[in-house]
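The residues making up each chain are set out below.
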Amino acid sequence: MSEPFATFLMPIYASISWLLLLFRSHRGQHLLPISLIGWIWAMVNIIRTKRLDLGIVTFGIVLLGTLVEVYMTHKVSSSSENISLGRVWWIKWWLTIGCILVAANFSLVVIFWDSISKELEKSKSQTWMKVFLSYCIIMMVFWIAAAFKNQVRGRKGYKD
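All values reported here derive from a predicted model rather than from experimental measurement.

**Description of the overall build of the protein**
A tally of regular secondary structure across the protein gives six helices and zero strands. Taken from the N to the C terminus, the helices and strands of the protein come in the order α-α-α-α-α-α. The buried share of the protein, reckoned over its 160 residues, is 39%. Sequence separation of at least 24 residues holds for 73% of the intrachain contacts in the protein that already meet a minimum separation of 6. Carbon together with sulfur atoms contributes 70% to the accessible area of the protein, which is approximately 9,600 Å² in total.

Here it is, written out as C-alpha coordinates:
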(Lines give C-alpha, C1' and ligand atoms only; values in the text may rest on other atoms or scores of the structure.)
Protein backbone atom coordinates (compact mmCIF):
# COMPACT_ATOMS: atom_id res chain seq x y z
CA MET A 1 0.00 0.00 0.00
CA SER A 2 1.32 3.41 -0.84
CA GLU A 3 2.21 5.71 2.02
CA PRO A 4 -0.53 8.35 1.49
CA PHE A 5 -3.22 5.67 1.10
CA ALA A 6 -2.14 3.79 4.22
CA THR A 7 -1.89 7.04 6.18
CA PHE A 8 -5.63 7.56 5.67
CA LEU A 9 -6.63 3.89 5.77
CA MET A 10 -5.22 3.17 9.24
CA PRO A 11 -7.42 5.69 11.13
CA ILE A 12 -10.47 4.82 9.02
CA TYR A 13 -10.05 1.10 9.74
CA ALA A 14 -9.51 1.79 13.46
CA SER A 15 -12.60 4.02 13.64
CA ILE A 16 -14.84 1.49 11.89
CA SER A 17 -13.49 -1.28 14.13
CA TRP A 18 -14.40 0.67 17.27
CA LEU A 19 -17.85 1.57 15.92
CA LEU A 20 -18.59 -2.07 15.16
CA LEU A 21 -17.39 -3.12 18.61
CA LEU A 22 -19.52 -0.52 20.34
CA PHE A 23 -22.71 -0.93 18.34
CA ARG A 24 -22.74 -4.35 16.63
CA SER A 25 -21.06 -6.82 18.96
CA HIS A 26 -23.89 -8.78 20.53
CA ARG A 27 -22.94 -12.03 18.74
CA GLY A 28 -19.32 -11.46 17.89
CA GLN A 29 -20.02 -11.27 14.17
CA HIS A 30 -18.59 -7.73 14.12
CA LEU A 31 -15.19 -9.43 14.20
CA LEU A 32 -15.74 -10.97 10.76
CA PRO A 33 -15.17 -7.85 8.62
CA ILE A 34 -12.53 -6.49 11.00
CA SER A 35 -10.46 -9.68 11.01
CA LEU A 36 -10.98 -10.26 7.27
CA ILE A 37 -9.64 -6.80 6.42
CA GLY A 38 -6.74 -7.28 8.85
CA TRP A 39 -5.94 -10.67 7.35
CA ILE A 40 -6.00 -9.29 3.79
CA TRP A 41 -3.88 -6.32 4.87
CA ALA A 42 -1.32 -8.72 6.39
CA MET A 43 -1.30 -10.76 3.18
CA VAL A 44 -0.70 -7.62 1.11
CA ASN A 45 2.16 -6.69 3.46
CA ILE A 46 3.72 -10.13 3.00
CA ILE A 47 3.46 -9.93 -0.78
CA ARG A 48 4.73 -6.36 -0.89
CA THR A 49 7.63 -6.67 1.57
CA LYS A 50 8.48 -10.39 1.17
CA ARG A 51 8.57 -10.59 4.99
CA LEU A 52 6.32 -12.43 7.43
CA ASP A 53 3.52 -10.37 8.95
CA LEU A 54 2.24 -12.17 12.05
CA GLY A 55 -1.17 -10.67 11.32
CA ILE A 56 -1.67 -13.43 8.75
CA VAL A 57 -1.72 -15.89 11.68
CA THR A 58 -3.37 -13.81 14.42
CA PHE A 59 -6.11 -12.31 12.25
CA GLY A 60 -6.56 -15.75 10.69
CA ILE A 61 -7.32 -17.25 14.10
CA VAL A 62 -10.03 -14.65 14.76
CA LEU A 63 -11.36 -14.95 11.21
CA LEU A 64 -11.64 -18.73 11.44
CA GLY A 65 -13.35 -18.58 14.85
CA THR A 66 -15.79 -15.96 13.61
CA LEU A 67 -16.64 -18.00 10.51
CA VAL A 68 -17.31 -21.04 12.71
CA GLU A 69 -19.54 -18.95 14.97
CA VAL A 70 -21.44 -17.51 11.99
CA TYR A 71 -21.89 -21.02 10.60
CA MET A 72 -23.09 -22.38 13.96
CA THR A 73 -25.46 -19.44 14.45
CA HIS A 74 -26.88 -19.84 10.94
CA LYS A 75 -27.20 -23.62 11.36
CA VAL A 76 -29.11 -23.20 14.61
CA SER A 77 -31.36 -20.39 13.36
CA SER A 78 -32.35 -22.44 10.32
CA SER A 79 -33.25 -25.51 12.38
CA SER A 80 -35.42 -26.23 15.36
CA GLU A 81 -32.33 -27.12 17.39
CA ASN A 82 -31.60 -24.92 20.38
CA ILE A 83 -27.94 -24.30 21.02
CA SER A 84 -26.78 -23.06 24.38
CA LEU A 85 -23.69 -20.96 24.92
CA GLY A 86 -22.34 -23.83 27.01
CA ARG A 87 -22.27 -26.14 24.00
CA VAL A 88 -20.13 -23.72 22.03
CA TRP A 89 -17.95 -22.41 24.86
CA TRP A 90 -14.86 -23.26 22.85
CA ILE A 91 -15.83 -20.77 20.11
CA LYS A 92 -16.02 -18.01 22.69
CA TRP A 93 -12.61 -18.97 24.07
CA TRP A 94 -11.16 -19.36 20.56
CA LEU A 95 -12.23 -15.80 19.72
CA THR A 96 -11.06 -14.40 23.05
CA ILE A 97 -7.61 -15.96 22.69
CA GLY A 98 -7.48 -14.85 19.05
CA CYS A 99 -8.29 -11.25 20.06
CA ILE A 100 -5.55 -11.34 22.71
CA LEU A 101 -3.05 -12.64 20.12
CA VAL A 102 -3.95 -9.83 17.71
CA ALA A 103 -3.51 -7.31 20.56
CA ALA A 104 -0.13 -8.88 21.33
CA ASN A 105 0.85 -8.56 17.68
CA PHE A 106 0.05 -4.83 17.73
CA SER A 107 1.88 -4.49 21.05
CA LEU A 108 5.09 -5.76 19.43
CA VAL A 109 5.26 -2.54 17.39
CA VAL A 110 4.88 -0.48 20.57
CA ILE A 111 7.45 -2.54 22.49
CA PHE A 112 10.04 -2.47 19.71
CA TRP A 113 9.23 1.02 18.41
CA ASP A 114 12.78 2.36 18.84
CA SER A 115 14.30 -0.20 16.47
CA ILE A 116 11.27 -0.27 14.15
CA SER A 117 11.22 3.51 13.81
CA LYS A 118 14.92 3.57 12.86
CA GLU A 119 14.18 1.16 10.02
CA LEU A 120 10.99 2.95 8.93
CA GLU A 121 12.46 6.44 8.88
CA LYS A 122 14.53 5.39 5.87
CA SER A 123 11.42 5.05 3.73
CA LYS A 124 8.47 6.66 5.55
CA SER A 125 7.59 10.23 6.46
CA GLN A 126 7.35 11.41 10.07
CA THR A 127 3.60 11.87 9.60
CA TRP A 128 3.18 8.27 8.48
CA MET A 129 5.28 7.02 11.39
CA LYS A 130 3.18 8.98 13.94
CA VAL A 131 -0.05 7.71 12.38
CA PHE A 132 1.30 4.14 12.34
CA LEU A 133 2.39 4.18 16.00
CA SER A 134 -0.93 5.74 17.06
CA TYR A 135 -2.81 3.18 14.97
CA CYS A 136 -0.94 0.29 16.60
CA ILE A 137 -1.65 1.62 20.11
CA ILE A 138 -5.34 2.22 19.33
CA MET A 139 -5.74 -1.21 17.73
CA MET A 140 -3.91 -2.93 20.59
CA VAL A 141 -6.44 -1.41 23.00
CA PHE A 142 -9.28 -2.26 20.59
CA TRP A 143 -8.36 -5.95 20.50
CA ILE A 144 -8.06 -6.09 24.30
CA ALA A 145 -11.54 -4.53 24.51
CA ALA A 146 -12.81 -6.98 21.87
CA ALA A 147 -11.44 -9.91 23.91
CA PHE A 148 -13.18 -8.62 27.04
CA LYS A 149 -16.47 -7.90 25.27
CA ASN A 150 -16.37 -11.32 23.61
CA GLN A 151 -15.83 -13.03 26.95
CA VAL A 152 -18.70 -11.27 28.75
CA ARG A 153 -21.30 -11.34 25.96
CA GLY A 154 -24.17 -13.65 26.69
CA ARG A 155 -23.61 -13.59 30.46
CA LYS A 156 -26.59 -13.13 32.68
CA GLY A 157 -26.93 -9.50 33.68
CA TYR A 158 -24.69 -8.24 30.89
CA LYS A 159 -26.32 -5.83 28.50
CA ASP A 160 -24.78 -5.18 25.14
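**So, the environment of isoleucine 61**
Structurally, isoleucine 61 is set in helix α3 (residues 55–77). The class for isoleucine 61 is partly exposed, based on a relative accessible area of 22%. The residues contacting isoleucine 61, other than those within four sequence positions of it, are Trp94, Gly98 and Leu101.

**Examining the side chain of glutamine 151**
Inspection of the secondary structure puts glutamine 151 in helix α6 (residues 126–152). At 2.7 Å, the side chain of glutamine 151 forms a polar contact with the side chain of threonine 96.

**Regarding the nonpolar core**
With 31 residues, the main nonpolar core has Phe106, Phe132, Tyr135, Met139 and Trp143 as its most contacted residues. In terms of residue count, α6 provides more of this core than any other element does, eleven residues in total. Setting aside residues no more than four positions away along its own chain, methionine 139 makes contact with Tyr13, Ala14, Ser17 and Phe106.

**Considering the pattern of salt bridges**
As enumerated under the stated definition, the model contains one salt bridge in all. Two residues, glutamate 119 and lysine 122, come together in a salt bridge whose shortest N-O distance is 3.5 Å. Classification of glutamate 119 by relative accessible area gives partly exposed; the value is 45%. Residue classification places lysine 122 among the exposed positions, given a relative accessible area of 67%.

**Focus on helix α5 (residues 113–120)**
Among all positions of α5, only Trp113, Ser117 and Leu120 are buried. Taken end-on, α5 shows its buried residues confined to a sector of 65°, consistent with a single buried face. Among the exposed residues of α5, those pointing more than 90 degrees away from its buried face are Asp114 and Lys118. Contacts from the buried residues of α5 go to α4 (89–111) and α6.

**Comments concerning the environment of threonine 58**
Structurally, threonine 58 can be placed in helix α3. Through-space distance from the C-alpha of threonine 58 to that of valine 102 is 5.2 Å; in sequence the pair is 44 residues apart. Sequence-distant contacts of threonine 58, defined by excluding residues within four places in its chain, comprise Gly98, Leu101, Val102 and Asn105. At 3.5 Å, the side chain of threonine 58 forms a polar contact with the side chain of asparagine 105.

**Quick word on the environment of phenylalanine 8**
With respect to the secondary-structure elements, phenylalanine 8 resides in helix α1 (residues 3–23). Take phenylalanine 8: its relative accessible area is 60%, and that puts it in the exposed class. For the pair formed by phenylalanine 8 and tryptophan 128, sequence separation is 120 residues and the distance between their alpha carbons is 9.3 Å.

Procedures and definitions
- Residues numbered from 1 in each chain as written.
- Predicted model: local features only at pLDDT ≥ 70, side-chain atom pairs only at ≥ 80, totals over all residues.
- Heavy atoms only, no water.
- Helix = DSSP H or I, 4+ residues; strand = E, 2+ residues; numbered from the N terminus.
- Buried < 20%, exposed > 50% of the residue type's maximum accessible area, 1.4 Å probe, protein only.
- Contact = heavy atoms within 4.5 Å.
- Areas by Shrake-Rupley, 256 points an atom, 1.4 Å probe, with all protein chains shown as cover.
- Polar contact = N/O pair within 3.5 Å; in protein donor to acceptor, adjacent residues only side chain to side chain.
- Core = buried A, V, L, I, M, F, W, Y, C linked by side-chain atoms within 4.5 Å.
- Salt bridge = Lys/Arg side-chain N within 4 Å of Asp/Glu carboxyl O.
- Arc of directions from axis to C-beta.

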